[in-house]
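# Tertiary structure, described
In case you want the letters, here they are:
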Amino acid sequence: MGAIRKPEAAVGGLGEHGHGKTTLAEALVLRARARLPGTDPGPAHTFAGYPGNRDRLDSLRVAPYETEARRYLHLDGRYHTDLLHGLIAGQARMDGAVLVVAANAEAREQAAEQLRLMRWLGVRQLVVFVNKLDALMGSHELRDRAEWRVRDFLTRQGWPGDDLPVVCGSASAALASQGQDEGACRCLDELLAVVDSWSLPLVRPVEDEPLLLRVEEVATLPHRPPLVIVQVERGQVKADHVVEVIGPASRPHFVRVLGLEQVARVKEHVPLAPRRKHFQRYEDVERLEWLGRQKVALPGETVGLRLRGLKANELERGHALATPGSIGTAGAFEAVLLSRTAGLYAARRMLCIGGAEVLANVVPSVGELDGPLGLLACVRVELLPGAFPIALGPGTRFTLGRRGARSPEWGVVTRLLGGGECRPAFPISATPPKV
């Protein structure tokens, strides 16, 4: 019999640069390994907060460790901007957060902006770790004062500062003992006990999640059903699944998956007709190559689908296929943007969600101002009249492009507006329609 797999949760460190977030993460890994020497949570891995940023390829680090109750993935961000981008763009997630504040310093703009993002993303589990307690030379008065400052700071940021748990200790002392000293690691044991007591949502297996596929291309072959090239965003797709087409059709449209084809995009260097003698020009052409049949497609994969009950002209890039009743559409929604100018003025931007590109008006939300550093903004996005419906819901990631910008602005949907709740065509527990 295999080992029983523990429930998994993602936690992350918040706080100012230099307050000890990385030291605490390393100390927690060593302490958890010392408490449960027979466990193997897996290796840590690093990735870039901004894709393609060669100067910060290891700016985000995920370190796993285990307790008696759960397996945790601890997210540690070395840079403030990269941490915000990783959370908004969906590179990393947090079910709960640990706010690290040095006892001989104060939490300022970076911590305030990170706490605002936690509220917008719906993260409600928070614990405070007052670090560098050894710098106070054992003064109980300074320790109480540091704890009072932290609670007052949380209250000013909209959190229940008087009710949140606060743990005081020194992560560097625990790290120096390699997690073996019981006295130095008592603070880490208290912190892990608080995290274990959180009521966190269980991570559902991939096969239990509702299906969501983004259409990238529709390829047609003579005398054969159209091959729809999709990217799996959520769930896993198999043959004989019934999915709903979310696009310009006003009525619910259901199709059945006949089979999966493994495809790959191949670039070819094709010669063009020369304009002058002894002068040859070439062009890079991308084509699809069929690699064979496939049984199952998981999130992140690109696969070709054979569908029944669908014509080639009824789907195009930007449409979506989903489990019936699992996701809806909306003409307006509220979102959080990572941008220095998005929340300052209203503008018309190009909204990109899973290959769909439509024009939208971006308006600052009433009562929500930019964060202290101007990196985050809560905005209202309204699709222009005539835009075809886009499958979206709370947690959907998107980008906004604008003229003259070198890189897009990343955002995440927090709430649907204007009757944008999920519109189930039939209850999910009911029998799917026959196709």
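This structure is a prediction, so every number in the text was calculated from the model and none was measured.

## Considerations on the overall build of the chain
What the chain contains, in helices and strands, is six helices and 24 strands. Out of the 435 residues in the chain, the part that is buried amounts to 47%. Once local pairs closer than 6 in sequence are excluded, the contacts in the chain between residues at least 24 apart make up 71%. Surface summary for the chain: the accessible area is close to 22200 Å², and the carbon and sulfur share equals 50%.

## Brief notes about the pairing of strand E4 (residues 71-77)
Burial runs high along E4: six of the seven residues are buried. Following strand E3 (residues 60-66), the chain reverses through four residues before pairing antiparallel with E4.

## Quick look at the confidence of the model for the chain
Averaged over all residues, the pLDDT of the chain equals 79, while 78% of them reach at least 70. Overall, residues 419-433 carries pLDDT values under 50, and its contacts beyond four positions in sequence, including any with other chains, amount to 26 contacts.

## So, the sheet that holds strand E21 (residues 376-383)
The sheet built from six strands closes into a barrel, its strands ordered E18-E21-E20-E19-E23-E24 with antiparallel pairing. This sheet shows a mean twist of 45° between the axes of neighbouring strands, independent of strand direction. The pairing of strand E20 (residues 356-364) with E21 spans five bridges and is antiparallel. Looking at E21, one finds that valine 363 is bridged to arginine 380. Sheet strands touched by helix H2 (residues 80-88): strand E18 (332-338), E21, strand E23 (397-401) and strand E24 (409-417). Its angle to E18, the strand with the most contacts, is close to 150°. Against the sheet, helix H3 (residues 109-121) makes contact with E18, E21 and E24, and its axis sits at roughly 35° relative to E21, the strand it touches most.

## A word on the nonpolar core
The tendency in soluble globular proteins is for nonpolar side chains to be buried as a group. Leu99 and Leu154 are the most contacted members of the largest nonpolar core, which totals 41 residues. Sort the elements by how many residues they give to this core and H3 lands first, with six residues. The residues contacting leucine 154, other than those within four sequence positions of it, are Leu99, Leu115, Leu126, Val128, Trp159, Gly161 and Leu164. By size, the runner-up hydrophobic cluster in this structure holds 26 residues, among which are Ala9, Val11, Leu28 and Val98.

## What to know about the packing of helix H1 (residues 21-35) against helix H6 (residues 186-196)
At a minimum axis distance of 10 Å, the contact between H1 and H6 shows a crossing angle of 85°. Classified by the angle between their axes, H1 and H6 sit roughly perpendicular to one another. Of the residues in H6, those in contact with Leu24, Ala27, Leu28, Arg31 and Arg35 of H1 are Leu188, Asp189, Leu191 and Leu192. Here the contact of H1 with H6 is built from residues that sort into six nonpolar, no polar and three charged.

## Regarding the packing of H2 against H3
Taken N-terminus to C-terminus, the directions of H2 and H3 make an angle of 5°; their axes are 11 Å apart at the nearest point. When the interaxial angle is binned, H2 and H3 end up roughly parallel. The segment H2 lies against H3, with His80, Leu83, Leu84, Leu87 and Ile88 engaging Gln110, Glu113, Gln114, Leu117, Met118 and Leu121. Here the contact of H2 with H3 is built from residues that sort into seven nonpolar, three polar and one charged.

## Observations regarding the packing of aromatic side chains
The description of an aromatic ring pair rests on the distance of the ring centres and on the angle between the ring planes. Under the counting rule described, the total for this entry stands at two aromatic pairs. Measuring from centroid to centroid gives 5.8 Å for tyrosine 65 and tyrosine 72, while their planes differ by 35°, and the two rings are tilted. Taking the centre distance of 5.6 Å and the plane angle of 70° together, the rings of phenylalanine 333 and phenylalanine 398 count as edge-to-face. Of this pair, phenylalanine 333 sits in strand E18 while phenylalanine 398 sits in strand E23, placing them 65 residues apart in sequence. Phenylalanine 398 shares its class with phenylalanine 333; the two are buried.

Each value, and the rule that gives it
- Residues numbered from 1 in each chain as written.
- Predicted model: local features only at pLDDT ≥ 70, side-chain atom pairs only at ≥ 80, totals over all residues.
- Heavy atoms only, no water.
- Helix = DSSP H or I, 4+ residues; strand = E, 2+ residues; numbered from the N terminus.
- Buried < 20%, exposed > 50% of the residue type's maximum accessible area, 1.4 Å probe, protein only.
- Contact = heavy atoms within 4.5 Å.
- Areas by Shrake-Rupley, 256 points an atom, 1.4 Å probe, with all protein chains shown as cover.
- Pairing = 2+ DSSP bridges.
- pLDDT = per-residue confidence, 0-100.
- Axes fitted to C-alpha atoms, helices over the stretch in contact; angles between N-to-C directions.
- Core = buried A, V, L, I, M, F, W, Y, C linked by side-chain atoms within 4.5 Å.
- Parallel < 35°, antiparallel > 145°, perpendicular 65-115°, else oblique.
- Nonpolar A, V, L, I, M, F, W, Y, C, P; charged D, E, K, R; others polar.
- Phe/Tyr/Trp six-rings, centres within 6.5 Å; stacked < 30°, edge-to-face > 60°.

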